[in-house]
There are 2 protein chains.
Amino acid sequence: MAGDRVRLGLLGCGVVGSATARILVENAHEIESRSGVPVELARVAIRDTSKKRDAFVSPGLVTDDPWDVVKDPSIDLVVEVIGGIEPARDLVLAAIGSGKHVVTANKELLANEASTVMKAASKAGVKVLFEASVAGGTPIVRPMTESLAGDRVRRIMGILNGTTNFVLTRMSESGESFADALAEAAERGYTELDPSADIEGHDAAAKLAILASIAFDAAVVSGDVGCEGIANVTARDMAAAHDLGYEIKLLAVAERHGDEVAARVHPAMMPRTHPLASVRNELNAIFVEAEHAGELMFLGRGAGGPATASAIVGDIVEIVRDRGAPAAYPGAAALERRARIQPAGDVASRYYVVLSVADRPGVLASVAGAFARHGVSIASVRQEGFGDEATLVLITHSASEAQHAATFSELETLEPVRRLRSRMRVLGTAEV
Amino acid sequence: MAGDRVRLGLLGCGVVGSATARILVENAHEIESRSGVPVELARVAIRDTSKKRDAFVSPGLVTDDPWDVVKDPSIDLVVEVIGGIEPARDLVLAAIGSGKHVVTANKELLANEASTVMKAASKAGVKVLFEASVAGGTPIVRPMTESLAGDRVRRIMGILNGTTNFVLTRMSESGESFADALAEAAERGYTELDPSADIEGHDAAAKLAILASIAFDAAVVSGDVGCEGIANVTARDMAAAHDLGYEIKLLAVAERHGDEVAARVHPAMMPRTHPLASVRNELNAIFVEAEHAGELMFLGRGAGGPATASAIVGDIVEIVRDRGAPAAYPGAAALERRARIQPAGDVASRYYVVLSVADRPGVLASVAGAFARHGVSIASVRQEGFGDEATLVLITHSASEAQHAATFSELETLEPVRRLRSRMRVLGTAEV
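Residues numbered from 1 in each chain as written. Chains lettered and ligands numbered in written order. Predicted model: local features only at pLDDT ≥ 70, side-chain atom pairs only at ≥ 80, totals over all residues. Heavy atoms only, no water.

**Student:** Please set out the overall build of chain A residue by residue, giving values where relevant.
**Tutor:** Secondary structure summary: chain A contains 15 helices and 17 strands in total. Against the globule reference of 22 Å for 432 residues, chain A gives a C-alpha radius of gyration of 24 Å, in line with a compact fold. Judged by the C-alpha coordinates and their principal axes, chain A covers about 85 × 45 × 35 Å. Relative to its full complement of 432 residues, chain A shows a buried share of 59%. Of the contacts made within chain A by residues no fewer than 6 positions apart, 74% connect residues no fewer than 24 positions apart. (Helix = DSSP H or I, 4+ residues; strand = E, 2+ residues; numbered from the N terminus. Rg over C-alpha atoms; globule rule 2.2 N^0.38 Å. Buried < 20%, exposed > 50% of the residue type's maximum accessible area, 1.4 Å probe, protein only. Contact = heavy atoms within 4.5 Å.)

Structure, rendered in structure tokens:
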């Protein structure tokens, strides 16, 4: 790449790949002036070469074999937007092995194989950048690795999935049920063919694993992240949240506790005054608490061709501009070791709990006893309704998941409790 | 800087300087692992060496002559946190001239002399980074220069002054007057000895000039930014904004119009659903609209020693890590030319207007005629009160400042108008 231009190979030319090709062509002048040399799209691997392509990819560049691109010695930099672990992993490792830099948007690969990829890159002396793998067009990987390079991150709370945030926004603003809001998201094209990875939190978990690895200098993988989705959030929960001045969000949370990392994805209530509570529709946002910088938030589009492609081209420009610098990804060495994950039962939370109870004296004493027996303190309690509608709404102080789980088990068998109607974690209650 | 450690000289050791020294000592291990070599605080220039310093600056490093630091051939990198244009400018230029990299938090210097500084840096082959000069600990300079390097920014809207945002938040949430809210900010230590640069918008204007220069690839200086402060915002305006579902914020706005840049700071009403509307208290935030990435927002602490120092250390790590790379600041060449500034009268806005009027038939026709004569369309109008309290509340469609100004002049002389009670720009009405 010491030459007078940089030759780029593109693996995959779907929505993100073709948007990347488009920016490379349309903004060629800015890209050259910002990176110092022209950047030329030299080869494009496409699954089905018979499909019509847009005008930004000239037919002469196209191949249906991604290995043509990876093995081409004239290619300096490979952009991987195939997604999924295989064959992307083998292709990326081969590109690295033959001295090519890599820009990838592949969250599955990085959330599972970051240490393999980074080890190979550091051995080969090439760069692997991946801004687009988390929150699409929202700059978060670079700020975390570079802007906060002199700081220590304590906690990350992210809205990392646009589909579920759209669904929860509709439920909050229109009082719709989960099913109706999901149907509306589908109509607008915000859902995947199989929406379960979004709804159940696995998509957000993969992105959180990547961010947590950067923040805490040790590899966190998808499987380390506990997941609870939004399918059980009801219109009644949403109304109750509003009564308390809260919103409900699907939050991806990673925290440092001593030398352990806790990471999980779950719906949570948070005060409306928290910056994350006002992140609406399909937007993504990441709230970061750092020791010196304090609270930061990054908001943007988490998906879509142009936004994701913008992040990819930003990474390309950085690699081209810094050719000649030591190539190692900052903190790559740290990713070679696995993070110590805090056992799920030890993670501390506050809970909002709704119980259907018998309407008679002594019920509160009995319920409060169950909490007390497991060491969970009650921050507030409110009785609502009469007779068959009698309900207790409680919010707990911080206690471990294990303590809460034991309390919930006991409540379900407690005589005056008819039903544990709802429970949800409460987060972000500190003022910012 | 090819050696086995980097020697750092610090110019100024007030709140930000001593917080920087503290991070360099406390996080020395992370900083070394992220930048590849140890970073040593080797020399510190302090105005009054007799003052007591904290433990992070050992007395042997201290001098009261900043030229000692700049002329020391063993210093690789100078951190400038003196502020103000002189002597900072001469010191920074001398450091650059003798081949030292520079990290600065100096908004006045960059908002007025960026092209001089960058030209010198590119001639000397050194880097000048300045993340801390805008919005303190909020990463915005690096995302704009690097993450969006492949994109085109259309518009920036920022809350760039924490003091005025705190004042407006108090006015909004407690119904306080401007004077009472300002007194409260002073009590909490959020105001400068002379708060006029904050209140009148000049502090925000300097930061906007820096961001606009990066975004639009041409130097915008403080004097290019039109300024209107918040001293005339009343509790009544705030109540009116709430009635419309709006908040009032002091916004710093820069836009590209063809080959011209429009830049100004002024209070504005914006819908509560806009992400900037929910930025509370002394926080800063920058909302960026880019061609491909779409809408982005960056939120964080705009001031304070630790947050600003975190940004400074992030810049130090980047310089140390990338030693060996081409040193030029991306876009530095672009800063050598001045931006073409759109004449203030041509900038388009929407306005909220409150008129005290006579309570009789025909008043609306007369008022509407004045708007029409200057080509300003009315989007909505509402009549409130009776007799001496009769009031018209109007919101206009987008028209130029010159058209609005001519309309306001005519309204002030129009017979049935008793008083032009209030007028304020309305922004951010597009849904995000």
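Now that the structure has been shown, the text picks up again.
**Student:** I'd like a rundown of helix H10 (residues 202-216) of chain B, residues and numbers included.
**Tutor:** Between its terminal C-alpha atoms H10(B) stretches 21 Å, which fits the 21 Å expected from 15 residues at 1.5 Å a residue. Here H10(B) lies mainly inside the structure; 14 of its 15 residues are buried. (Expected span 1.5 Å × (residues − 1).)

**Student:** Any details on the relation of the copies chain A and chain B? Residues and values, ideally.
**Tutor:** Rotating chain A by 180° and moving it 0.0 Å along the rotation axis overlays it on chain B with an RMSD of 0.0 Å. Those values place the two copies in the arrangement expected of a two-fold rotation axis. Comparing interface residues between copies, 100% of those in chain A also sit at the interface in chain B, which points to an isologous, same-surface contact. (Least-squares fit on C-alpha atoms with pLDDT ≥ 70 in both.)

**Student:** Could you give me a rundown of the packing of helix H14 (residues 363-373) of chain A against helix H15 (residues 401-413) of chain A, with the residues and numbers involved?
**Tutor:** Describing two packed helices takes the angle between their axes plus the distance from one axis to the other. Residue and element names in this part refer to chain A. It is at 8 Å that the axes of H14 and H15 come closest, and there the two elements cross at 150°. Taken together, the axes of H14 and H15 are roughly antiparallel relative to one another. Considering how the two elements wind past one another, H14 and H15 form a crossing that is right-handed. Every residue of H15 that contacts H14 at Val 367, Ala 370, Phe 371 and Arg 373 is listed here: Thr 407, Glu 410 and Leu 411. (Axes fitted to C-alpha atoms, helices over the stretch in contact; angles between N-to-C directions. Parallel < 35°, antiparallel > 145°, perpendicular 65-115°, else oblique. Left-handed = near helix turned anticlockwise from the far one by under 90°.)

**Student:** How would you sum up the side chain of A:Lys207? Please name residues and give values.
**Tutor:** All names here are of chain A. Assignment of secondary structure puts Lys 207 in helix H10 (residues 202-216). A relative accessible area of 8% places Lys 207 in the buried class. A distance of 2.8 Å separates a polar atom in the side chain of Lys 207 from the backbone oxygen of Leu 160. A polar contact is formed between the side chain of Lys 207 and the side chain of Asp 203, at a distance of 2.7 Å. (Polar contact = N/O pair within 3.5 Å; in protein donor to acceptor, adjacent residues only side chain to side chain.)

**Student:** Describe in detail the sheet that holds strand E4 (residues 77-80) of chain B, supporting the description with residues and values.
**Tutor:** All names here are of chain B. The strand order E3-E2-E1-E4-E5-E6 describes an open sheet built from 6 strands, whose pairing is parallel. Only two strands of the sheet have a single neighbouring strand rather than two, namely strand E3 (62-63) and strand E6 (128-129). Two elements, strand E1 (residues 6-11) and strand E2 (residues 39-45), share 6 bridges in a ladder whose sense is parallel. Of the residues in E2, the one forming a bridge with Leu 11 is Ala 45. Sitting on the sheet, helix H12 (residues 305-321) touches E1, E2, E4, strand E5 (101-104) and E6, and the angle it makes with E5 is about 160°. (Pairing = 2+ DSSP bridges.)

**Student:** Describe the interface of chain A and chain B, naming the residues involved and giving the relevant values.
**Tutor:** Contacts between the two partners involve 53 residues from chain A, matched on the other side by 53 residues from chain B. Buried area between chain A and chain B, both sides added, is near 4,900 Å², and the carbon and sulfur share of it is 47%. A per-residue breakdown of the area chain A buries against chain B is headed by A:Arg34, A:His292 and A:Arg321, which together make up 15% of the total. For the interface between chain A and chain B, the tally reads 10 salt bridges. (Buried area = accessible area lost by both parts, 1.4 Å probe. Salt bridge = Lys/Arg side-chain N within 4 Å of Asp/Glu carboxyl O.)

**Student:** Provide a residue-level description of the packing of aromatic side chains, including the pertinent values.
**Tutor:** The geometry of an aromatic ring pair is captured by two quantities: the separation of the ring centres and the angle between the planes. For the structure shown, the criterion picks out 5 aromatic pairs over all chains. Summarising the aromatic geometry, the rings of A:Phe298 and B:Phe298 are spaced 6.1 Å apart at their centres and angled 90° between planes, so their arrangement reads as edge-to-face. Linking A:Phe298 in strand E12 (residues 294-301) with B:Phe298 in strand E12 (residues 294-301), this pair reaches from one chain into another. Among the residues examined, A:Phe298 registers a relative accessible area of 1% and is labelled buried. Seen in terms of ring centroids, A:Tyr351 and A:Phe408 are 5.1 Å apart; in terms of plane orientation they differ by 80°. Their pairing is edge-to-face. (Phe/Tyr/Trp six-rings, centres within 6.5 Å; stacked < 30°, edge-to-face > 60°.)

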